[in-house]
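Structural characterization, general
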Amino acid sequence: MKYYSTNNPEHRVGLSEAVIKGLAPDQGLYMPETIPVLSTELIQKLPEMSFREIGYAVIGALFSEDLSQSQIKELVDHTLVFDAPVVKVEEDVYSLELFHGPTLAFKDFGARFCSKLMSLLLAGSEKKVRVLVATSGDTGSAVANGFLGVEGVEVIILFPKGKVSQLQEKQFTTLGQNITALEVDGVFDDCQRMVKEAFLDPELNQSLLLTSANSINIARWIPQALYYFYAWSRLPKTGKKIVFSVPSGNFGNLGAGILAQRMGLPIDYFVAATNVNKVVPDYLSGECFLAKPSIQTISNSMDVGNPSNFSRLIALFGGDESLLREKVKGYFYDDSETVGAIQKVKALGYVLDPHGAVGYLGLKDFMKENPGFVGVFLETAHPGKFHEVVEEALGLQLELPDRLAQFLKGKKNVLSLGKDFGDFKEFLKKLEA
Ligand SMILES: *Cc1c(COP(=O)(O)O)cnc(C)c1O
């Protein structure tokens, strides 16, 4: 399979290059040049298959030209080590719980797949890969835990000192092994700038193999399609039309759902649900796409003013923007509406996190306007991950899941760094190739 750049369909590369480079040289996103369609017989059999069996079939359809059967199995088995249950919240409304992984958010799926794929593609190569990540919290924890102990890959995380919540910080500063955390005396933008400069530095790139693992990488993007297949297969067969509502920031997760649909999964509609960072809902309602500075909200993993996967959404509809606007409906909510949803759904016996709450609201509004659907919203994080917000909304104390509580006990181990690129470069130069 070749992968083309969304900025230039003539620019095509193989799987290794797409994964190791992450972004095309023209800054476009890589997309598979053909999207394989699964047979109707296979789709009908999904309800009898396990999550991993579904994984072998879907990943096999996309990667079998580039990977052996046993590599595909290894990749899927490494990724799907936790479940993604579909939980009924009320009549015709289901929560797809994507938070049962090590860092309690859906990014665990992509990070685990990405790390394993990189190590498979680099097996036998002399060079060690260094994954450089700038994080304001969530990405660092998912990538660090996803890459922990993976051979041939070392992760270097830059985070702004004092700007990351203690719980998030502990999830990537206490691991050791192949994970190094650098505490930068600056803000997130300094971390991001230092990482970008490192990728552009000829001297460093001559001796070291540097790569990124952010959400634009196909190795993080594609595996997210798996849980759409799985969730669809576990819904009761009512004959009703099906809609998935995706709480979105950079729109990788929603794009992966559309990829699943393109591969033959019978999903009828998607809801793009956001907080007040509503660039995409505005676009879907007919306005031009206009990136804006991000606004801080209580669903802060979706505080994105310039969604990085947007060009993928258009590519998935073959450039037909009116079809995109017809099949994907946008909704946005402010913080008080989000809190209201957390309270309302608690009365139904289910605890939402602020991101899932936005997804729930979008789903309900879509279903009000379009009766007769069964709907699924993606619950992208465990409510305990955002316990301050949820506890304040509900006026009660949440019990932290064991995995989170364990992180808090770990000992923080970081190297301190100024915000000059020169200091970071010195650090990198001391690493062996
Ligand atoms: C990253 C994240 C999102 C947004 O996902 P995108 O793929 O960027 O749209 C939503 N919820 C949570 C909890 C996240 O961590």
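Residues numbered from 1 in each chain as written. Predicted model: local features only at pLDDT ≥ 70, side-chain atom pairs only at ≥ 80, totals over all residues. Heavy atoms only, no water.

Considerations on the nonpolar core
Residues Tyr3, Phe63, Phe147, Tyr227, Tyr228 and Phe229 are the most contacted members of the largest nonpolar core, which totals 97 residues. Once residues lying within four places of it in the same chain are set aside, the contact partners of Phe229 are Leu38, Ile43, Leu46, Ile54, Val58, Ala260, Met263 and Leu265. Counting residues in hydrophobic clusters, the runner-up holds 28 residues, among them Tyr269, Tyr360, Leu361 and Phe373. (Core = buried A, V, L, I, M, F, W, Y, C linked by side-chain atoms within 4.5 Å. Buried < 20%, exposed > 50% of the residue type's maximum accessible area, 1.4 Å probe, protein only. Contact = heavy atoms within 4.5 Å.)

Notes on helix α5 (residues 107-122)
For α5, with 16 residues, the first-to-last C-alpha span of 23 Å sits near the 22 Å given by 1.5 Å per residue. With 15 of 16 residues buried, α5 lies mostly within the body of the structure. Where α5 ends, the next residue or the one after it, Gly124, has phi of about 90°, a positive value. (Helix = DSSP H or I, 4+ residues; strand = E, 2+ residues; numbered from the N terminus. Expected span 1.5 Å × (residues − 1).)

What to know about the pairing of strand β6 (residues 129-134)
Burial within β6 is extensive, with six of its six residues counted as buried. Neither face of β6 is left uncovered, since the one carrying Val129, Val131 and Val133 and the one carrying Arg130, Leu132 and Ala134 both have all their residues buried. In the sheet, β6 pairs with strand β7 (residues 153-160) via six bridges, with the strands oriented parallel. Directly across from Val131, in β7, lies its bridge partner Val155. Note on the crossover from β6 through helix α6 (residues 138-147) to β7: the handedness is right-handed. In terms of strand pairing, β6 meets strand β9 (residues 209-211) through three bridges, oriented parallel. By the bridge assignment, Val131 is partnered in β9 with Thr211. (Pairing = 2+ DSSP bridges. Right-handed = clockwise from strand over helix to strand, strands pointing away.)

Examining the packing of helix α16 (residues 335-347) against helix α17 (residues 354-369)
Running from N to C, α16 and α17 point in directions that differ by 85°, and their axes come no closer than 9 Å. Accordingly, the angle class assigned to the pair α16 and α17 is roughly perpendicular. On α17, the residues that touch Glu337, Thr338, Ala341, Ile342, Lys344 and Val345 of α16 are Pro354, Ala357, Val358, Tyr360, Leu361 and Lys364. By residue class, the composition of the contact of α16 with α17 is eight nonpolar, one polar and three charged. (Axes fitted to C-alpha atoms, helices over the stretch in contact; angles between N-to-C directions. Parallel < 35°, antiparallel > 145°, perpendicular 65-115°, else oblique. Nonpolar A, V, L, I, M, F, W, Y, C, P; charged D, E, K, R; others polar.)

Comments concerning the environment of Val351
As for its position among the elements, Val351 is in the loop between α16 and α17. The exposure class of Val351 is partly exposed, given its relative accessible area of 24%. For the pair formed by Val351 and Val89, sequence separation is 262 residues and the distance between their alpha carbons is 9.8 Å. What Val351 contacts, discounting residues up to four positions off in sequence, is Lys346, Glu379, Pro383, Val390, Leu394 and Leu398.

Concerning the site of the ligand
Lys107, Gly249, Asn250, Phe251 and Thr380 are the nearest of the 15 residues found near the ligand. Within the backbone of Gly252, a nitrogen or oxygen atom sits 3.2 Å from an oxygen atom of the ligand. Take Thr380: an N or O atom from its side chain is 2.8 Å from a nitrogen atom of the ligand. Tallied by class, the residues present in the shell around the ligand amount to five nonpolar, eight polar and two charged. (Near = heavy atom within 4 Å. Polar contact = N/O pair within 3.5 Å; in protein donor to acceptor, adjacent residues only side chain to side chain.)

What about the sheet that holds strand β8 (residues 179-184)?
Read from one edge of the open sheet, five strands run β9-β6-β7-β8-β14, paired in parallel fashion. Edge positions in the open sheet fall to β9 and β14 (415-417), since each of these has one partner strand only. Here the average twist between neighbouring strands, direction ignored, is 30°. In this fold helix α7 (residues 166-173) packs onto β7 and β8, with an angle of close to 155° to the strand it touches most, β7. Sitting on the sheet, helix α20 (residues 421-429) touches β6, β7, β8 and β14, and the angle it makes with β7 is about 160°.

Section: the pattern of salt bridges
As enumerated under the stated definition, the model contains 21 salt bridges in all. Linking Asp201 and Lys425 is a salt bridge whose minimum nitrogen-to-oxygen distance equals 2.9 Å. One end of the pair, Asp201, is in the loop between α8 (188-200) and α9 (202-207); the other, Lys425, is in helix α20, and 224 residues separate them in sequence. Using a relative accessible area of 9% as the deciding quantity, one classes Asp201 as buried. For Asp282, the salt bridge identified is with Lys278, shortest N-O distance 3.1 Å. Exposure remark for Asp282: the relative accessible area of 10% places this residue in the buried category. Linked through salt bridges whose partners overlap, the residues forming this network are Asp201, Glu203, Lys425, Glu426 and Lys429. (Salt bridge = Lys/Arg side-chain N within 4 Å of Asp/Glu carboxyl O.)

With respect to the packing of aromatic side chains
Where two aromatic rings form a pair, the distance of their centres and the angle of their planes describe that pair. Considering all chains together, one arrives at 17 aromatic pairs under this definition. Both rings, one in Phe421 and one in Phe424, keep their centres 6.5 Å apart while their planes meet at 75°; by these two values the pair is edge-to-face. Placement of the pair is Phe421 and Phe424 together in helix α20, with a separation of three residues, close to one helical turn. For Phe421, a relative accessible area of 13% gives the class buried. Phe424 gets classed as buried once you look at its relative accessible area, which sits at 0%. By the ring-pair criterion, three or more aromatic residues cluster together here, those being Phe51, Phe82, Phe109, Tyr227, Tyr228, Tyr230, Phe244 and Phe270. (Phe/Tyr/Trp six-rings, centres within 6.5 Å; stacked < 30°, edge-to-face > 60°.)

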